[in-house]
2 protein chains.
Amino acid sequence: MSKRTMILGMQLGNGYGSQPMAWKAPGVDAANYANFDAHVRYAQAAERGKFAFLFLPDFAGMSKAPEQEAPMLTLDPLMTLAAIARGTERIGLVATGSTTFNEPYNTARQFKTLDVMSHGRAGWNAVTTSDPLVAANYGQEIDARPERYERAHETIQIAQALWGSWEKDAWIKDQQTGQFADPDKIQPINLQGRHVASRGPLPIPPSEQGQPVVFQAGGGDYGLGLAGRYANAVIGATFTIEDAKAQRNAVRKAAVDAGRDPDEIKYFAGVMPAIAGSKREALDRRVALGREVFPARVPYLGAMLGLSLDVSQLNQPLTGEQLEAARPSPFDPRSQRAYEVAQEGWSIRDILAHGVIDYHPTPVGTAEDTADHLQEWFEAGAADGFWVSIDVYEDGIDTFVDEVVPILQERGLYHSDYEGTTLRDHLGVPEQYGQDPRLG
Amino acid sequence: MSKRTMILGMQLGNGYGSQPMAWKAPGVDAANYANFDAHVRYAQAAERGKFAFLFLPDFAGMSKAPEQEAPMLTLDPLMTLAAIARGTERIGLVATGSTTFNEPYNTARQFKTLDVMSHGRAGWNAVTTSDPLVAANYGQEIDARPERYERAHETIQIAQALWGSWEKDAWIKDQQTGQFADPDKIQPINLQGRHVASRGPLPIPPSEQGQPVVFQAGGGDYGLGLAGRYANAVIGATFTIEDAKAQRNAVRKAAVDAGRDPDEIKYFAGVMPAIAGSKREALDRRVALGREVFPARVPYLGAMLGLSLDVSQLNQPLTGEQLEAARPSPFDPRSQRAYEVAQEGWSIRDILAHGVIDYHPTPVGTAEDTADHLQEWFEAGAADGFWVSIDVYEDGIDTFVDEVVPILQERGLYHSDYEGTTLRDHLGVPEQYGQDPRLG
Ligand SMILES: Cc1cc2nc3c(=O)[nH]c(=O)nc-3n(C[C@H](O)[C@H](O)[C@H](O)COP(=O)(O)O)c2cc1C
Ligand SMILES: Cc1cc2nc3c(=O)[nH]c(=O)nc-3n(C[C@H](O)[C@H](O)[C@H](O)COP(=O)(O)O)c2cc1C
């Protein structure tokens, strides 16, 4: 195949799914939050679908008391990926980790261990963490962006230098000659920043891909600067093809500005498909999942449309007067889509079931509808691939893998098998060994 | 069985064994440093021997360039134990972690995740870290003991409070009523120390044993204070039954001083057995393993005996004159044993093969000789059990499990199977839920 194909990654959160009420959806084991067999099973399902990577988000804290909703994250992303590494063979393993609330040596060590353990499948989604609740768990406050991102640059530079502190062929391990390693090819790094520092070396040999891949998620100028310099993959947050194209171009330009080949960064658009036998069934799936959370979202939807809406109207569509008065908010990029859906005459409940308040676009309908969405975005040059967020893992991953993936494959848009063994292979980005020549 | 039986734990280091040259011993795969299949296989062998726990040491650094000797540690203890948790069912999983170079929230989170993942088998060997090489990897220096141990107290208190931040029955997960958790039973901890602080709660429910077990290794007054207050297991470093009895009593007294039942702390003596078909074969095993390191140890042995020895005498015993002039050094607790072995007329090479410079006593001979050693110490009240350090894992664990364990079982000194499922069960110490009543 010489045709360019799309790359898929899968969000893996709390063991239930990306909809807040997934923990009590039919067929879901309510104990999955603490059940690593389930996490491994979901990873294996994604691997069956030839996904390039799993992506585990992270916040070191609890955003609200989990009275009705489960926490949205796995207990610990790195520990979970170590478990998953042992139960999978090909799929990439990307964990989010904070550059602010971890020592670079510890981050470097654990990600490199995951990389070696998984035979070159690890990635690090480096985030600076902006939530004061997280900071409080470390007895700290959130610094302003310039400080946070300065520390992020230092932390990533130190981590990458530690990862490269054994050169490619440093590990001799020759039992005949008795040479374990070549000391000339294992050097301290001696990096001293304003926030963090490390001497090194890290006592870990290269993995099959050299070292872990750096991911960056979310935009902003500071994020772009980080991505352009270090990342091989960026997860975006956009709601239209035009925005995604612009974001992808900005990421590629940031790479060029940092002296890199723009093809070394792959840009992923998010998608949160709602899939069933028909559009109505797909909406019903989301209505059932949203029952408890939709009422509280009605006023928010109103604000997106410039209207004052309340829960009494949940099962009705907007009136003609309301539709006429509606003005999509310029401050929320999701408003235009909400406005279009409202104009189609759906009830408020069904408008919400269209995922108009979710974090990424939601194609609603059959597997074919989701495939069409991915094809349209991909062929428009809006993304190199997609970050797929499944509503309920228990059945949703299988549905995607067994129904959407074959359509994409038939259309020549998606690979029929892994071409290589490492995450860098899957992303089509180069191996990385030794020290960054731009340092030092 | 009402008779008290000994508890065994196994040191698991770098994938080769606890002798520096184990990486090139016959039958050993030189790639095991990076091979987690091997680590899991060794863990499974220890589990076959009904060991209560694996113990992974830790230093966040490389003590010397690994030119001829492999680094003595696994790539990362927690990640390794996550992998091992997935391949074992009963054995306890104890990782060493520094109280100085980790944030308490991160430590608490990862150990609790291991505890949940393993269904209640996790333990934390809390160390303050005294090696400046490690500190340099964090851009820091080593503080004096009072500072280090003050931070250690704060860190352990925060970790235990975070572990207890979900009460025993906080996690409702009732899909019918829609209640995920009981918010009244999940509380912030709000601990503020001089060095570290955390708000909490940690979003992780209790494990089958409530929370991880705290271990402490090595003595000193500061270490004793830590052990007495928090630990359920202490690994000692002693070379005689009398010293071990004294250390065990000191540990038990420290528990009483902290208001605890002394039986809640189990004391483990270290042992590094050399086992073969005969004493000569056991010595030969160690001679083969020590070939490269023995020459450099001759002067050190001399110092232990008050003699000036050099490598030219490696294959000869001490002369009559030397034996008469020898004075065991009062500064090294191993000297007396070295002196006794020397008097038996062994060559210097064979004296070293007796393990007289190793970190723990080395019974040399058959499986029966090792069983005799363990029995003698155990029946003298010198230990509740043993921390077994195997010279070469590849064959040495099987030898211990298949040859020493059955002898101990026949003598009624060792259990024939696990009585419970959690590490606390294996240690015979109580479950731990919620907050320490002494705090607060
Ligand atoms: C797809 C996606 C996933 C993200 N995952 C995380 C995450 O897991 N943890 C986190 O702290 N932030 C996450 N973020 C947030 C961003 O990394 C970033 O913090 C955000 O864009 C705010 O930027 P700022 O830190 O410059 O304010 C994610 C963003 C996107 C778009
Ligand atoms: C059996 C045993 C195992 C130990 N393992 C470790 C270890 O893995 N990492 C570490 O930093 N220290 C380890 N230690 C050292 C002690 O925890 C402690 O640092 C030492 O007794 C010095 O005490 P100090 O910190 O008060 O100077 C170990 C000690 C013993 C006896």
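Quick caveat: nothing in here was measured; it's all calculated off a predicted structure.

The rules behind these values
Residues numbered from 1 in each chain as written. Chains lettered and ligands numbered in written order. Predicted model: local features only at pLDDT ≥ 70, side-chain atom pairs only at ≥ 80, totals over all residues. Heavy atoms only, no water. Near = heavy atom within 4 Å. Polar contact = N/O pair within 3.5 Å; in protein donor to acceptor, adjacent residues only side chain to side chain. Areas by Shrake-Rupley, 256 points an atom, 1.4 Å probe, with all protein chains shown as cover. Helix = DSSP H or I, 4+ residues; strand = E, 2+ residues; numbered from the N terminus. Nonpolar A, V, L, I, M, F, W, Y, C, P; charged D, E, K, R; others polar. UniProt positions renumbered as here; feature names shortened; annotations may be inferred. Buried < 20%, exposed > 50% of the residue type's maximum accessible area, 1.4 Å probe, protein only. Contact = heavy atoms within 4.5 Å. Pairing = 2+ DSSP bridges. Right-handed = clockwise from strand over helix to strand, strands pointing away. Salt bridge = Lys/Arg side-chain N within 4 Å of Asp/Glu carboxyl O. Domains from an automatic or database assignment. Buried area = accessible area lost by both parts, 1.4 Å probe.

## Comments concerning the site of ligand 1
All names here are of chain A.
Logical step 1: Taken together, 16 residues surround ligand 1, and among them Asp58, Arg145, Arg148, Tyr149 and Ala217 come closest.
Logical step 2: Take Arg148: an N or O atom from its side chain is 2.7 Å from an oxygen atom of ligand 1.
Logical step 3: Ala217 places a main-chain nitrogen or oxygen 2.9 Å from an oxygen atom of ligand 1.
Logical step 4: Isolated, ligand 1 exposes 630 Å² of accessible area, and the fraction of that covered by the protein chains is 81%.
Logical step 5: The dominant element in the shell around ligand 1, judged by the number of residues it contributes, is helix α5 (residues 145–163), at three residues.
Logical step 6: When the residues that make up the shell around ligand 1 are grouped by side-chain class, the tally is eight nonpolar, five polar and three charged.

## Brief notes about the UniProt feature "domain: Luciferase-like" (unreviewed entry) in chain A
Logical step 1: The sites that carry the UniProt feature "domain: Luciferase-like" (unreviewed entry) are, in the present numbering, residues 32–382 of chain A.
Logical step 2: Secondary structure over residues 32–382 of chain A splits into 42% helix and 13% strand, and the C-alpha atoms at its two ends are 35 Å apart.

## Regarding the environment of Ile158 of chain A
Residues and elements named next belong to chain A.
Logical step 1: As for its placement among the helices and strands, Ile158 is situated in helix α5.
Logical step 2: Using a relative accessible area of 2% as the deciding quantity, one classes Ile158 as buried.
Logical step 3: Separated by 204 residues in sequence, Ile158 and Thr362 have C-alpha atoms that sit 38 Å apart.
Logical step 4: Dropping the residues within four chain positions of it, Ile158 is found in contact with Pro104, Ile189, Leu191, Val196, Ala197 and Ser198.

## Points about the pairing of strand β5 (residues 171–174) of chain A
Residue and element names in this part refer to chain A.
Logical step 1: Two elements, β5 and strand β6 (residues 179–181), share two bridges in a ladder whose sense is antiparallel. The residue bridging Asp174 from the neighbouring strand is Gln179, located in β6.
Logical step 2: In this antiparallel pair of consecutive strands, β5 and β6, the connection spans four residues, and Gly178 shows a positive phi of 80 degrees.

## Observations concerning the pairing of strand β3 (residues 92–98) of chain B
Where a strand is regular, its side chains alternate between the two sheet faces.
All names here are of chain B.
Logical step 1: Within β3, seven of the seven residues are buried, which leaves the element mostly enclosed by the surrounding structure.
Logical step 2: Across four bridges, strand β2 (residues 53–56) lies against β3 in parallel orientation. Residue pairing for β3: Leu56 is matched across the bridge by Ala95.
Logical step 3: With helix α2 (residues 77–85) bridging β2 and the parallel β3, this β-α-β connection has right-handed handedness.
Logical step 4: One ladder, built from six bridges, connects β3 with strand β4 (residues 122–127); its direction is parallel. The residue bridging Val94 from the neighbouring strand is Gly123, located in β4.

## A closer look at the pattern of salt bridges
Residues and elements named next belong to chain A.
Logical step 1: With the rule as written, the count across this model stands at 55 salt bridges over all chains.
Logical step 2: Across the pair Arg285 and Asp391 runs a salt bridge whose closest N-O atoms are separated by 2.9 Å. Highlighted residues: Arg285 in helix α8 (residues 279–290) and Asp391 in the loop between β14 (385–388) and α14 (393–410), separated in sequence by 106 residues.
Logical step 3: Residue classification places Asp391 among the buried positions, given a relative accessible area of 3%.

## Describing the domain arrangement of chain A
All names here are of chain A.
Logical step 1: Taken domain by domain, chain A consists of domain 1 (7–272 + 366–427) and domain 2 (289–357).
Logical step 2: Distance between the C-alpha centres of domain 1 and domain 2: 33 Å.
Logical step 3: Of the residues lining the interface, ten residues belong to domain 1; the matching set on domain 2 comes to six residues.
Logical step 4: Summed over both sides, the interface of domain 1 with domain 2 buries roughly 680 Å², with 72% coming from carbon and sulfur.
Logical step 5: The interface formed by domain 1 and domain 2 includes one residue pair in polar contact (both at pLDDT 80 or more).

## Structural notes on the interface of chain B and chain A
Logical step 1: Contact residues are listed per partner, giving 71 residues for chain B and 71 residues for chain A.
Logical step 2: For the pair chain B and chain A, the summed buried area comes to about 5900 Å², and 62% of that belongs to carbon and sulfur atoms.
Logical step 3: One can count six salt bridges joining chain B with chain A.
Logical step 4: Notably, a salt bridge pairs Asp58 of chain B with Arg109 of chain A, separated by 2.6 Å at the nearest N-O pair.
Logical step 5: Run the count over chain B and chain A and you get 37 residue pairs in polar contact (both at pLDDT 80 or more).
Logical step 6: Elements with a minimum of two residues in the side of chain B that touches chain A: α1 (36–48), α2, α3 (104–117), α4 (132–136), β5 (171–174), β6 (179–181) and β8 (197–198) of chain B.
Logical step 7: Looking at the side of chain B that touches chain A element by element, the count peaks at eight residues for α3 of chain B.
Logical step 8: In terms of residue class, the side of chain B that touches chain A is built from 42 nonpolar, 16 polar and 13 charged.

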